[in-house]
Amino acid sequence: MPFPIILGHEAAGVVESVGQGVTAVKPGDKVIPLFVPQCGECQNCLNTKGNLCSKTDLGTSGGLMADGTTRFTCKGKAIHHFLGTSTFTEYTVLHESAVAKIDSAAPLEKVCLIGCGFSTGYGAALQTAKVEQGSTCAVFGLGGVGLSVIMGCKVAGASRIIAVDINSDKFAKAKELGATDCINPKDFNKPIHEVLTEMTNGGVDYSFEVIGRTDTMTAALACCQYNYGVSVIVGVPPAAQKITFDPMLLFSGRSWKGSVFGGWKSKDAVPKLVADYMKKKFVLDPLITHTLPFTKINEGFDLLRTGKSIRSVLTF
């Protein structure tokens, strides 16, 4: 990403003003910014299978609005945007395709998680993998997104949900949200995919990598059933790294998929997910372990790095 930049992509807020020709929202509306926009016109938006709008800044690292300009300056110098949202700020500028109007009664300090983390994990299970009733699942990584995958697997009716993390402090929360088993790779003297394959008599039906490491991505692939298992990469892949794996893992019939924002078409799905939250179809409170004023943003990052938080919500 180009610097200087205003980061942040998971948020909720209130529309302060709108530009000429904007019709989707008006001042005073509660909204969630969309780091994956939905323009409704590109090939991916028009295809029922796609959700990764071509107007997204993912992978291009442009750091600019769609028209090639920036709306942020400091002391006369331009500052870059992040994923078209830049939410670590009191005010930001969004393209109309990158904002979703939500229920005016929704609590912003809760539903902000629907802007990325919750939707990404929940959708990876329900939309991308399409987990089936009675199936077995393994989830690598028990942060906010991984726990949301567990919630999605549970809603889908999975009979066994195995949570995998090297931080055993995360296990109680994982079980609270639906995990049936929790295992720490450090407790075994054999590769974790072998442990999971033995536990499930041949491998899980669905596995999810929710960390962003190449070694866990290949382990997640290897632990799913060799003929019909499906493995989904949810964690953001590390920059400038490649994966090397035995092609027999795929030749035998496994499927390897990627998922951005849980496969949801953002503008269509976000208001519905907020409505589902308001109807108590799922909970968000267990994912929020800390609420901090914006001035303590660095404390929030410290909590994240040390594994002491799931989600720290910053309030203005």
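Along each chain, the written sequence defines residue order, and numbers are assigned to residues from 1. It should be noted that, the model being predicted, local features are given only for residues of pLDDT at least 70 and side-chain atom pairs only at 80 or more, the latter also being counted only at that level, while totals for whole chains, interfaces and linings use all residues. Note that the side-chain values use all heavy atoms of the structure and ignore hydrogens as well as water.

If you look the chain up in an unreviewed UniProt entry, it shows as alcohol dehydrogenase from Zonotrichia albicollis. UniProt positions are given in the numbering used here, feature names are shortened, and annotations may be inferred rather than shown by experiment. Under the UniProt heading Cofactor (unreviewed entry), the entry covering the chain gives this text: "Zn(2+)". Here the chain is described in UniProt, under the heading Sequence similarities (unreviewed entry), as follows: "Belongs to the zinc-containing alcohol dehydrogenase family."

Topic: the sheet that holds strand β2 (residues 30-33)
In this description, strands pair whenever DSSP reports at least two bridges between them. Think of it this way: any DSSP run of H or I at least four residues long counts as a helix, any run of E at least two long counts as a strand, and we number them from the N terminus. What the three strands build is an open sheet, ordered β1-β2-β5; its pairing is antiparallel. Each of the sheet's edge strands pairs with one partner strand only, and the pair in question is β1 (13-14) and β5 (99-101). In terms of strand pairing, β2 meets β5 through three bridges, oriented antiparallel. Directly across from Ile 32, in β5, lies its bridge partner Ala 100.

Focus on the UniProt feature "domain: Alcohol dehydrogenase-like C-terminal" (unreviewed entry) in the chain
Here the UniProt feature "domain: Alcohol dehydrogenase-like C-terminal" (unreviewed entry) sits at residues 144-269. Taken end to end, residues 144-269 comprises 35% helix and 16% strand; its first and last C-alpha atoms sit 19 Å apart.

Here's the deal with helix α4 (residues 144-156)
In this analysis, the expected span of each helix is defined as 1.5 Å times one less than the number of residues it contains. Given a rise of 1.5 Å per residue, 13 residues ought to cover 18 Å, and the 19 Å separating the end C-alpha atoms of α4 matches this to within 8%. Judged by how many residues are buried, α4 sits mostly within the fold: 11 of 13 residues are covered. The classification of residues rests on relative accessible area computed with a 1.4 Å probe and restricted to protein chains. Under 20% of the type maximum is buried, over 50% is exposed, and intermediate values are partly exposed. Of the residues making up α4, those classed as buried are Gly 144, Val 145, Gly 146, Leu 147, Ser 148, Val 149, Ile 150, Met 151, Gly 152, Cys 153 and Ala 156. Any two residues having at least one pair of non-hydrogen atoms within 4.5 Å are treated as being in contact. Residues of α4 that are buried in the fold lie against α3 (117-129), β6 (136-140), β7 (160-164), α5 (171-176), β9 (206-209) and β13 (311-315). Downstream of α4 by a residue or two, Gly 157 has a phi angle that is positive, lying close to 95 degrees.

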